[in-house]
Amino acid sequence: MTAYLIVEAKIKDRMKFLKYAQKVQELVAQYGGKYVVLGGEHEPLEGEWDDERIVIHRWPNMQSARDFWFSAEYQETKKLRDGTGEFRIMLVEGVQESI
């Protein structure tokens, strides 16, 4: 079943974060993920939202997303993100689609 990795980010050091962002996009593709949302325009409709950046990756399944997240390559790349902001990340399973 399809899975989604959802990232909420408050970026404080954009220049340093860009180094991480460029590298992580390559790894997402390498591990079979696809970006569904990558920043862009957003409009709060309810509740409090600060200046968060929202990113969503789509994965073939939960395990492929875990393989990416816990890979040695990502763990090394993740170090580039240190000190660039605050992040909340969740992996969720999508709904079963009927054909």
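What you are looking at is a predicted structure, and each value in this text was computed from that prediction instead of being measured.

For the rest of this paragraph, the subject is the overall build of the chain. Broken down by element type, the chain carries three helices and four strands. Element order for the chain, N to C, with α for helix and β for strand: β-α-β-β-α-α-β. Taken over the C-alpha atoms alone, the chain extends approximately 45 × 40 × 15 Å along its principal axes. The buried share of the chain, taken over its 99 residues, is 30%. If you take every contact in the chain between residues at least 6 apart in sequence, the share linking residues at least 24 apart comes to 77%. In the structure as shown, the chain presents an accessible area of about 7100 Å², 51% of it carried by carbon and sulfur atoms. Put simply, the chain has 14 plus and 17 minus side-chain charges, and the middle of one group is 7 Å from the middle of the other.

This part covers the environment of Ile89. Looking at where Ile89 falls in the secondary structure, it is placed in strand β4 (residues 85–93). Placed 34 residues apart in sequence, Ile89 and Val55 show a C-alpha to C-alpha distance of 9.4 Å. Setting aside residues no more than four positions away along its own chain, Ile89 makes contact with Leu5, Ile6, Val7, Trp69 and Arg81.

Our next topic: the environment of His42. Relative to the helices and strands, His42 is located in the loop between β2 (34–38) and β3 (53–59). With 10 residues separating them in the primary sequence, His42 and Glu52 have C-alpha atoms 9.6 Å apart. At 3.4 Å, the side chain of His42 forms a polar contact with the backbone oxygen of Gly40.

Before going further, it helps to examine the pattern of salt bridges. Under the defined criterion, the tally for this structure stands at four salt bridges. In this structure, Lys10 engages Glu52 in a salt bridge whose closest nitrogen and oxygen atoms are separated by 4.0 Å. With Lys10 in strand β1 (residues 3–11) and Glu52 in the loop between β2 and β3, the pair connects residues that are 42 residues apart, well separated along the chain. According to the relative accessible area criterion, Lys10 is partly exposed, its value standing at 27%. With relative accessibility at 8%, the residue Glu52 sits in the buried group. Lys12 is the partner of Glu86 in a salt bridge, and the nearest nitrogen-oxygen pair spans 3.4 Å. Here Lys12 lies in the loop between β1 and α1 (14–30) and Glu86 lies in strand β4, a separation of 74 residues in the sequence. The class for Lys12 is exposed, based on a relative accessible area of 57%.

Okay, the sheet that holds β2 next. Ordered by their spatial adjacency, four strands build an open sheet running β2-β3-β1-β4, and the pairing between neighbours is antiparallel. The sheet terminates laterally at β2 and β4, the two strands that pair on one side only. Each strand of the sheet is rotated relative to its neighbour by a mean of 15°, with strand direction disregarded. The pairing of β1 with β4 spans nine bridges and is antiparallel. Opposite Val7, over in β4, you have Ile89 as the bridge partner. Sitting on the sheet, α1 is in contact with β1, β2, β3 and β4, with an inclination near 145° to β2. In the packing of helix α2 (residues 62–69) onto the sheet, the strands contacted are β1, β3 and β4, and the crossing angle to β4 comes to about 150°.

Rules and cut-offs
- Residues numbered from 1 in each chain as written.
- Predicted model: local features only at pLDDT ≥ 70, side-chain atom pairs only at ≥ 80, totals over all residues.
- Heavy atoms only, no water.
- Helix = DSSP H or I, 4+ residues; strand = E, 2+ residues; numbered from the N terminus.
- Buried < 20%, exposed > 50% of the residue type's maximum accessible area, 1.4 Å probe, protein only.
- Contact = heavy atoms within 4.5 Å.
- Areas by Shrake-Rupley, 256 points an atom, 1.4 Å probe, with all protein chains shown as cover.
- Lys, Arg positive; Asp, Glu negative; His and termini not counted.
- Charge placed at Lys NZ, Arg CZ, Asp CG, Glu CD.
- Polar contact = N/O pair within 3.5 Å; in protein donor to acceptor, adjacent residues only side chain to side chain.
- Salt bridge = Lys/Arg side-chain N within 4 Å of Asp/Glu carboxyl O.
- Pairing = 2+ DSSP bridges.
- Axes fitted to C-alpha atoms, helices over the stretch in contact; angles between N-to-C directions.

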